[in-house]
Amino acid sequence: MLDFDGTRRARRKDAAIAAAILLVALILLALPVEYQQPVRQGLRASVLQPFLMLQGQVTQRRGSAVDVGQIRAQRDSLAALAAAQASLSEENRQLRASLGLQQRVGEAFIPANVIRAGLTSAESTFILDVGRADGVFVGSTVLTADGMLGVVWEVDERSSQAIDWTHPDFRVSAMTADGTAYGLIEPRRGPSRESDMLALTGTAFQVDVRPGRRVVSSGRGGLHPRGIPIGTVIGIEEADTGWRKSYLLRPAVRPEATVHVMVGVREGGGDLGDVWQVTAPPDPLQDDDADGGTD
Amino acid sequence: MPTGVRTDMASRSAKSFWIFIAVLILLHLTLRVGLALTMVPDLLVVAALLGARRLSGAGAAFYGLLLGILADSLALVAFGATSVAFVVACFLGARSRNLFEGDSYLFIIVYVFFGAWLVEAIRFGAGGAMARGQEPMLLLTAAPLTALYIALAAVVAMIAYRALSGHR
């Protein structure tokens, strides 16, 4: 055991070294994300690799132990989604071909397994067993048969890390399924993770959204496809006098129970409204943009 | 007792203690990362705080930095916040020996409780949790409960260590 009393000089030197180490930690905290990323990737590929592999195996075994009926129902839903995607991509391909645009190959979504680490710092994030080699990119939409789960934030060659909707930085532009109100989705923390909710913020004050209305992604910004279910309105959260309203939503997907997902591998949004029977008319804002572009 | 024999015993005690710390870290990674068991207490905090008491201030700070980087390895935001928290907590843990001697279970539970609470508070502040809309009240509600859970885990771990190694 080291002598910890020491002389006053030795103690001062000890404190100075500790202060220098604290400075290193603060520099690490202040580093831009692009410099932090290699450190994280290095650790994931070395120290954490065996533990992440262990969970991958556990997830697969757990998946096979789940009720067969539940798996069959999930698989059927995902198959329906994939089939609808195939028909949409075929339709898109034909439209693009007719417009003379370059043909794009491949499906818009690929299946993946979710690996969750229980580290405190990794709360609201998960790892996917697909990566850059599979076509995943930063900003890829992660969805289940019930709706949107999250967004990919970091991509390695064979794996990627994503945030789910409970993450404080999760944001998606959204609209009601009938297209009457547009806004931005933000998470709302509950007393426990199971009680976390979503909020549709920034909707026009004069529009009244009734409880029970479905809220889906609006496709604004071009990052996420349009028409993916996000949640159902359960009531008004806040009315900013004369300006805008916020509504609380019951999320379409619970992250805790999700094991199998589909990950977007095609950039540029798109429209999945047909998959979930979204009847909203075309986005007026995007129509305006389109008109502006042709003027 | 001859000095040589005493040094030898101290060396064996130190070795078995650091093996115990390594086991705690491995257990944490296996249970939390490998098996995703989030109900398991944060054994990295236990390892950091117990280990820090056996090191010099600078050594404890460096040890905290390494464990912090490991804890932050899957953090997409606020990478480094745990490192800052561990460096401060471990340094103070090392220096706490100047004020409090001994390793009674009562002391361990109080020491780890306040240490874990401090880690939570620094992580909350350095990680910009308030800017992300998290309630600071969590530091007075959830954080002490988490710290108590970790402190109890530390006592259980020390009981197991002493029973297995025969050291006090």
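## A few points about the overall build of chain A
Looking only at helices and strands, chain A features 5 helices and 12 strands. Counting over 295 residues, chain A shows a buried share of 36%. Taking as baseline every contact in chain A between residues at least 6 positions apart, the subset at least 24 positions apart corresponds to 59%.

## Description of the interface of chain B and chain A
At the junction of the two partners, chain B supplies 47 residues and chain A supplies 40 residues. Of all the secondary structure elements, the ones that give two or more residues to the side of chain B that touches chain A are α1 (3-34), α3 (57-71) and α4 (81-95) of chain B. Looking at which element gives the most residues to the side of chain B that touches chain A, the answer is α3(B), with 9 residues. A per-class count over the side of chain B that touches chain A returns 27 nonpolar, 14 polar and 6 charged.

## Quick look at the packing of helix α5 (residues 105-126) of chain B against helix α6 (residues 142-165) of chain B
All names here are of chain B. Interaxial distance between α5 and α6 falls to 8 Å at its minimum, and their mutual angle equals 140 degrees. One way to sum up the angle between α5 and α6 is to call them oblique. For the crossing formed where α5 meets α6, the hand is right-handed. When α5 is examined against α6, the residues Tyr105, Ile108, Ile109, Val112, Phe113, Ala116, Trp117, Glu120 and Ala121 are found in contact with a partner set consisting of Ala143, Pro144, Thr146, Ala147, Leu148, Ile150, Ala151, Ala154, Val155 and Met158. Of the residues belonging to the contact of α5 with α6, the class tally is 17 nonpolar, 1 polar and 1 charged.

## Some details on α6(B)
Residue and element names in this part refer to chain B. End to end, α6 covers 34 Å across 24 residues, agreeing with the expected 34 Å (1.5 Å per residue, within 8%). Within α6, the full set of buried residues consists of Ala147, Ile150, Ala151, Ala154, Ala157 and Met158. Just downstream of α6 lies Gly166, where phi reads positive at about 80 degrees.

## Points about the packing of helix α2 (residues 43-52) of chain B against α4(B)
Residue and element names in this part refer to chain B. Packing of α2 against α4 brings their axes to within 7 Å, and their N-to-C directions diverge by 35 degrees. Of the two elements, α2 crosses α4, and the hand of that crossing is right-handed. Contacts between α2 and α4 involve Ala48, Leu49 and Ala52 on the former and, on the latter, Phe86, Ala89, Cys90, Gly93 and Ala94. Per-class residue counts for the contact of α2 with α4 are 7 nonpolar, 1 polar and no charged.

## Re the nonpolar core
Counting 108 residues, the largest nonpolar core has A:Ile230, A:Val263, B:Val46, B:Ala48, B:Val87 and B:Cys90 as the members making the most contacts within it. Among the elements that take part in this core, α4(B) stands out by supplying 10 residues, more than any other. For B:Cys90, the contacting residues outside a window of four places in its chain are B:Ala48, B:Ala52, B:Ala60, B:Ala61, B:Tyr63 and B:Gly64.

## Here's the deal with the pairing of strand β4 (residues 147-155) of chain A
All names here are of chain A. With 8 of 9 residues buried, β4 lies mostly within the body of the structure. Two strands pair when backbone bridges link them, and strand β3 (residues 141-144) and β4 are joined in this way by 4 bridges, in the antiparallel orientation. Bridge pairing in β4 links Thr144 to Gly147. Hairpin remark: β3 followed by β4, antiparallel, with 2 residues in the connecting loop. Of the pairings in the sheet, the one linking β4 to strand β5 (residues 160-164) comprises 5 bridges and is antiparallel in character.

## A few points about helix α2 (residues 33-45) of chain A
Structurally, the α-helix is built with 3.6 residues per turn, so residues lying three or four positions apart point the same way. Residues and elements named next belong to chain A. With 13 residues, α2 should cover 18 Å at 1.5 Å per step; its first-to-last C-alpha distance of 18 Å lies within 8% of that length. Every buried residue belonging to α2 is among Gln36, Arg40 and Arg44, and all of these are buried. Angularly, the buried residues of α2 cover 75 degrees about the axis, an arc narrow enough to put them on a single face. α2 presents Glu34, Tyr35, Pro38 and Gly42 as exposed residues on the side facing more than 90 degrees away from its buried surface.

## Quick word on the sheet that holds strand β12 (residues 260-264) of chain A
Strand pairing in a sheet relies on backbone hydrogen bonds. The paired strands run either parallel or antiparallel. Residue and element names in this part refer to chain A. Sheet architecture is closed into a barrel: 6 strands sit in the order β1-β2-β5-β4-β3-β12, paired in antiparallel fashion. The sheet shows a mean angle of 40 degrees between the axes of neighbouring strands, direction not considered. Strand direction decides the pairing type here: β3 and β12, joined by 2 bridges, are antiparallel. Residue pairing for β12: Val142 is matched across the bridge by Val263.

## Observations regarding the environment of B:Asp72
Residue position: B:Asp72 is located in the loop between α3 and α4. Each C-alpha atom, one on B:Asp72 and one on B:Thr82, is 6.3 Å from the other, the two residues being 10 residues apart in sequence. Excluding its chain neighbours within four sequence positions, the residues that come into contact with B:Asp72 are A:Ser121, B:Phe79, B:Gly80, B:Thr82 and B:Ser83.

The rules behind the values
- Residues numbered from 1 in each chain as written.
- Chains lettered and ligands numbered in written order.
- Predicted model: local features only at pLDDT ≥ 70, side-chain atom pairs only at ≥ 80, totals over all residues.
- Helix = DSSP H or I, 4+ residues; strand = E, 2+ residues; numbered from the N terminus.
- Buried ≥ 20, exposed ≤ 12 C-beta atoms within 10 Å, placed from the backbone.
- Contact = placed C-beta atoms within 7 Å.
- Nonpolar A, V, L, I, M, F, W, Y, C, P; charged D, E, K, R; others polar.
- Axes fitted to C-alpha atoms, helices over the stretch in contact; angles between N-to-C directions.
- Parallel < 35°, antiparallel > 145°, perpendicular 65-115°, else oblique.
- Left-handed = near helix turned anticlockwise from the far one by under 90°.
- Expected span 1.5 Å × (residues − 1).
- Core = buried A, V, L, I, M, F, W, Y, C linked by C-beta atoms within 7 Å.
- Pairing = 2+ DSSP bridges.
- Arc of directions from axis to C-beta.

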